[in-house]
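Chain residues, written in single-letter form:
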Amino acid sequence: MTSCEGALERCVAPDESAAIGHDYPSLAVDAEGRIMVSAYNRSGRDLVFGLWDEIEARFRFQRVDTVGDVGRYSALALDSEDRPSIVYFDATNNALKFASWEQEGGWLLETVDSTSSVGADCDLAIDPDDVAHVSYRDLTYRVLRYARRSEGIWRIEYVDTGADESLPAEQACPLEQRQKARLGLGYDSHIALQGASPVISYYDGDCGALRLARRSASSWSVQVLDGWDASLWTGPSSEPLTQVGRFNDLAVDLTGNLALAYHDAGAGKLKVLHFDAGLPVVEVADDGLRRDAPGVVSKTLVGQLPSLVFDGESKVVSHFDAASGRALLSTRDATGWRTAQVSSSIEGFEAELALLPSGERVVVSAQRIATLSAPIQLIRLVK
């Protein structure tokens, strides 16, 4: 993954891929503070992996998979020895693939699932035993799937097929609505681990709702968190009543507390949800209202493509400001939520947020990287 150049007295990663045209970036930071990304290179239609070069202030990329159109929806995670693994979509074969770094052996590529058109909207988590957990969408059957890799063997499960028999009546999406909308489940899936148990957040496209699936023993339980109220449904429609959670993310803190950040499209807001005594509590982290001048308030669409981390006791979310095209950073502390623009020079589409071991915050987008060590100007919010 790196080579050492005696003349420079430093070790660097190869730079095999042009820095132009990278989509679907996924960000990880190892114990030494090295910043890594996986991404889809548009020009070559390849999966690439990058290491941040602190001296030259740029990513050095290497190609991971170049066979066909590969690398969309890339998700990067590190194992117990900080070795990177990437899960991604193979658009040529409509399959879910997995790449893992095998020390001197280079990248090991595996096909996880090719039973139908699968692998879009995938995400990856690796537990302390180096077991890989993957969530992904089945485009053929319009359902959410889960794969687990242990001792080199992949085991695949259905998470949510939309049957909804176990849900309360007010949370269930009617079969007639699913048959009319035909969008399905599993959009923008994100997976995290609470202890040894995987948890997946995702969007139900048929009923426009944010859902959460938890695995216990050998079964999955599904919960509708926001966006669907069966009492308001008047009949089948090709468009859901609400569009809540199409963009979402989740994170678990060091004590096992779970939180979700998500976009409410109808209101143009960023919401953040946590649990209190097992019950979901929703807060508006950014309502998109801006005081442009005394007595002048404007509304912008915010909250798309959120990336959520815990910074100590604070929740921090990067998200997209549709008006400026820039990345925003919303932080929850003891006084409430505050939002600031990451940088006037940082485009915010597909932004990802992470913390360095030093506590420094790092944001990476499809365009470039920014460090947030210096104070940033707050955008005033209308209460």
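In short, a report on the structure. Because the structure is a prediction, the values reported are computed rather than measured.

**Quick look at the overall build of the chain**
On a plain count of helices and strands, the chain comes out with one helix and 32 strands. Within the chain, the fraction of its 383 residues that count as buried is 55%. Counting contacts in the chain only where the partners sit at least 6 residues apart, residues at least 24 apart contribute 45% of the total. Accessible area of the chain: about 17,000 Å², with a carbon and sulfur share of 48%.

**Some thoughts on the nonpolar core**
Tyr146, Val159, Ile200, Tyr202, Ala213 and Trp220 are the most contacted members of the largest nonpolar core, which totals 19 residues. Elements with a contribution of two residues or more to this core: strand E13 (143–150), strand E15 (185–194), strand E16 (197–204), strand E17 (209–216) and strand E18 (219–226). Discounting chain neighbours no more than four positions away, the residues touching Tyr146 are His133, Val134, Tyr136, Arg155, Ile156, Glu157, Val159, Ile191, Pro198, Ile200, Arg215 and Trp220. Core analysis: the next-biggest nonpolar cluster, separate from the first, contains 15 residues, Phe98, Val118, Leu124 and Ile126 among them.

**A look at the environment of Trp101**
Take Trp101: it is sitting in strand E9 (residues 95–101). The class for Trp101 is buried, based on a relative accessible area of 12%. Considered as a pair, Trp101 and Arg83 are 18 residues apart in the sequence and their alpha carbons are 6.1 Å apart.

**Some words on the pattern of salt bridges**
Throughout the structure, instances matching the rule amount to 26 salt bridges. Measuring nitrogen to oxygen at the nearest pair gives 3.1 Å for the salt bridge that ties Glu56 to Arg60. According to the relative accessible area criterion, Glu56 is partly exposed, its value standing at 34%. Linking Asp226 and Lys271 is a salt bridge whose minimum nitrogen-to-oxygen distance equals 3.3 Å. Residue Asp226 is found in strand E18, and its partner Lys271 is found in strand E21 (residues 269–276); the two are separated by 45 residues along the sequence. When its relative accessible area of 17% is taken as the criterion, Asp226 is described as buried. Judged by relative accessible area, which is 13%, Lys271 ranks as buried.

**What about the state of the cysteines?**
Across all of its chains, the model carries one disulfide by this definition. Residue Cys173 pairs covalently with Cys207 via a disulfide, S to S 1.9 Å. For the disulfide bridge between Cys173 and Cys207, the dihedral angle about the S-S bond is near 80 degrees, and by the sign convention the bridge is right-handed. Of this pair, Cys173 sits in the loop between strand E14 (153–160) and helix H1 (175–181) while Cys207 is found in the loop between E16 and E17, placing the two residues 34 residues apart along the sequence. Taking the relative accessible area as the measure of exposure, Cys173 reaches 5% and is therefore buried. Cys207 gets classed as buried once you look at its relative accessible area, which sits at 1%.

**What about the sheet that holds strand E3 (residues 22–29)?**
Ordered by their spatial adjacency, four strands build an open sheet running E3-E4-E5-E6, and the pairing between neighbours is antiparallel. The sheet is open, and its two edges are formed by E3 and strand E6 (58–65), each paired on a single side. For this sheet, the mean inter-axis angle between neighbouring strands, taken without regard to orientation, is 25 degrees. Direction of pairing for strand E5 (residues 46–53) relative to E6: antiparallel, over a ladder of seven bridges. Paired with Asp53 across the two strands is Arg58, which belongs to E6.

**Structural notes on the side chain of Asp160**
Looking at where Asp160 falls in the secondary structure, it is placed in strand E14. Overall, Asp160 belongs to the buried group, its relative accessible area being 4%. A distance of 2.6 Å separates the side chain of Asp160 from the side chain of Tyr202, its partner in a polar contact. Look past the residues within four positions of Asp160 in its chain and what remains in contact with it is Val143, Leu144, Leu185, Tyr202, Arg211 and Val222.

Reading guide: rules and limits
Residues numbered from 1 in each chain as written. Predicted model: local features only at pLDDT ≥ 70, side-chain atom pairs only at ≥ 80, totals over all residues. Heavy atoms only, no water. Helix = DSSP H or I, 4+ residues; strand = E, 2+ residues; numbered from the N terminus. Buried < 20%, exposed > 50% of the residue type's maximum accessible area, 1.4 Å probe, protein only. Contact = heavy atoms within 4.5 Å. Areas by Shrake-Rupley, 256 points an atom, 1.4 Å probe, with all protein chains shown as cover. Core = buried A, V, L, I, M, F, W, Y, C linked by side-chain atoms within 4.5 Å. Salt bridge = Lys/Arg side-chain N within 4 Å of Asp/Glu carboxyl O. Disulfide = S-S within 2.5 Å. Pairing = 2+ DSSP bridges. Axes fitted to C-alpha atoms, helices over the stretch in contact; angles between N-to-C directions. Polar contact = N/O pair within 3.5 Å; in protein donor to acceptor, adjacent residues only side chain to side chain.

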